[in-house]
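Spelled out from the first residue to the last, the chains are:
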Amino acid sequence: MSTVVNVPLRYRIPWKKIVLYVLAVGFALYLVLPFYWIVAMSFMHEVDAISVPPHWVPIHPTLENYLGFVRPNAAQELVGGRAVSETPYSLRNSLVVATATAVLNLALATFAAYSFSRLKFRGSQVLLVLYLLTRMVPGIAIIIPFYLLMRSFGLLDTYLALILSYTTFALPITIWILKDFFRSVPRELEEAARVDRCGWFRTMWTVFLPVAAPGLVAAAVFAFMTAWNEFMFALFLTSTKAAKTIPVVAANFATDFNTQFTVMAAAGVLAVVPPLALALLFQRKLVQGMAAGSVKG
């Protein structure tokens, strides 16, 4: 009587890994291809950019689209109105407003988050939830009252109006990010500093905040991105190149007569460079801070 021996297969097709890799590559292409197309289009001539089928690689690369922001030609001055000449100023405005928003947001949220993470008081959880509930109010519902308030204080078309509005947007989330990260910092570090006769401010500056640097970076980058990308309040609260930000100016490239896609793409690339450089510069601390803010309780 013969016996059947089951010989295990030495090579099995790892279907799960294959599916996972295919999904990962597809998702990466979904994120990268639009940005690549904008970059490629910014180096094209207008004829090549609107050709069918499209040219995925510039046939005759040119820097004219970028040089046009410094010395616009007649066509660029016509299409998009003053958008071309206002782009350098709007980049400066966005950088100033986003940086100031990040600094102010970080200063306010640090004290609030430290209080929530280290002090126990009645109603703390209710207050935290209330902070988040303020973010559920759509911006369109408060834009008119906010506009009238800024007008009464004479702050229309100023940096301060944008900084104050953007700080209110980012502050609740910033407090939550820092609160959870501060809770992960051991209390023993502060106690050891107090044993060495360090005051509260010195303990915070020399011991606590350096340890919490990843969370601070994550919160600052979040506030910066919030201010950099916001469009609606900047549209309502600004009217000249003295305070217009890049999202508002970029929208002006599309007119009722025509749209110069290559110049718009070049403006989009310039708008992406500062936040992209910021994210790459603080990549490690950003990942640490966001991970701690999402899993610590």
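These figures come from a predicted structure and were not determined experimentally. (Residues numbered from 1 in each chain as written. Predicted model: local features only at pLDDT ≥ 70, side-chain atom pairs only at ≥ 80, totals over all residues. Heavy atoms only, no water.)

J.: How do you make sense of the overall build of the protein when you look at a structure like this?
T.: Scanning the protein from terminus to terminus reveals 15 helices and zero strands. Counting all 297 residues of the protein, 37% fall into the buried class. Of the contacts made within the protein by residues no fewer than 6 positions apart, 75% connect residues no fewer than 24 positions apart. Carbon and sulfur atoms provide 71% of the accessible area of the protein, an area that totals close to 18100 Å². (Helix = DSSP H or I, 4+ residues; strand = E, 2+ residues; numbered from the N terminus. Buried < 20%, exposed > 50% of the residue type's maximum accessible area, 1.4 Å probe, protein only. Contact = heavy atoms within 4.5 Å. Areas by Shrake-Rupley, 256 points an atom, 1.4 Å probe, with all protein chains shown as cover.)

J.: Explain the nonpolar core here, please?
T.: When a protein is soluble and globular, its nonpolar side chains tend to lie buried together. Membership of the largest hydrophobic core comes to 27 residues, with the highest contact counts inside it found for M150, L162, Y166, F224, W228, F233 and L237. Breaking this core down by element, the ones donating at least two residues are helix 5 (83-118), helix 7 (139-152), helix 8 (159-183), helix 11 (213-229), helix 12 (232-237), helix 13 (246-251) and helix 14 (261-281). With residues near it in sequence (within four places) discarded, L237 still touches F146, Y147, M150, L156, D157, A161, L162 and S165. (Core = buried A, V, L, I, M, F, W, Y, C linked by side-chain atoms within 4.5 Å.)

J.: Honestly, helix 1 (residues 15-42) in this entry has me stumped. Any pointers?
T.: Three or four residues apart is the spacing at which side chains of an α-helix point the same way, because the helix has 3.6 residues per turn. Between its terminal C-alpha atoms helix 1 stretches 40 Å, which fits the 40 Å expected from 28 residues at 1.5 Å a residue. In helix 1, a bend of some 30° at V32 exceeds every other bend along the element, and P34, a proline, comes one to four places later. For helix 1, the elements touching its buried residues are helix 2 (46-49), helix 3 (64-67) and helix 14. (Expected span 1.5 Å × (residues − 1). Bend = angle between axes of the 7 residues up to and from the residue.)

J.: I keep staring at the environment of P58 and nothing clicks. Help me out?
T.: Mapped onto the elements of the fold, P58 is located in the loop between helix 2 and helix 3. A sequence separation of ten residues divides P58 from D48, and the C-alpha atoms of the two residues are 7.6 Å apart. Those residues within four positions of P58 in sequence are excluded, and the remaining contacts are A40, F43 and M44.

J.: Explain the side chain of K244 here, please?
T.: Its place among the elements puts K244 in the loop between helix 12 and helix 13. Classification of K244 by relative accessible area gives buried; the value is 11%. Setting aside its immediate chain neighbours within four residues, K244 contacts E86, Y89, S90, N93, T238, S239, V249 and N252.

J.: Before we go on, may I ask you to explain unusual backbone geometry in this structure?
T.: Trans peptide bonds make up the majority, and among non-glycine residues the majority have a negative phi. The step from V52 to P53 runs through a cis peptide bond, and the omega angle for that step is -5°. Notably, D157 is not glycine yet its phi reads approximately 60°, a positive angle. Its place among the elements puts D157 in the loop between helix 7 and helix 8.

J.: Even after reading the chapter, I still don't get the packing of helix 10 (residues 200-211) against helix 11, so can you show me in this structure?
T.: When two helices pack together, their arrangement is captured by the angle between the axes and the distance separating the axes. Axis separation between helix 10 and helix 11 bottoms out at 5 Å; the angle between their running directions is 70°. One way to sum up the angle between helix 10 and helix 11 is to call them roughly perpendicular. Along its contact with helix 10, which presents L209, P210 and V211, the element helix 11 presents A213, P214 and L216. Residues of the contact of helix 10 with helix 11, tallied by class, amount to six nonpolar, no polar and no charged. (Axes fitted to C-alpha atoms, helices over the stretch in contact; angles between N-to-C directions. Parallel < 35°, antiparallel > 145°, perpendicular 65-115°, else oblique. Nonpolar A, V, L, I, M, F, W, Y, C, P; charged D, E, K, R; others polar.)

J.: I keep staring at the UniProt feature "transmembrane region" (unreviewed entry) in the protein and nothing clicks. Help me out?
T.: UniProt's entry tags residues 18-39, 95-114, 126-147, 159-178, 207-228 and 261-282 with the feature "transmembrane region" (unreviewed entry), counted in the numbering of this structure. This span, residues 95-114, is 100% helix and 0% strand, and a straight line between its end C-alpha atoms measures 28 Å. Taken end to end, residues 261-282 is 95% helix and 0% strand, and its first and last C-alpha atoms sit 32 Å apart. (UniProt positions renumbered as here; feature names shortened; annotations may be inferred.)

J.: Explain the environment of A109 to me, please; I cannot follow it from the model alone.
T.: Mapped onto the secondary structure, A109 falls in helix 5. A residue is classified by how much of its surface remains accessible, and A109, at 0% relative accessible area, is buried. Separated by 70 residues in the primary sequence, A109 and K179 have C-alpha atoms spaced 8.7 Å apart. Among residues more than four places away in sequence, those in contact with A109 are L171, T174, I175 and L178.

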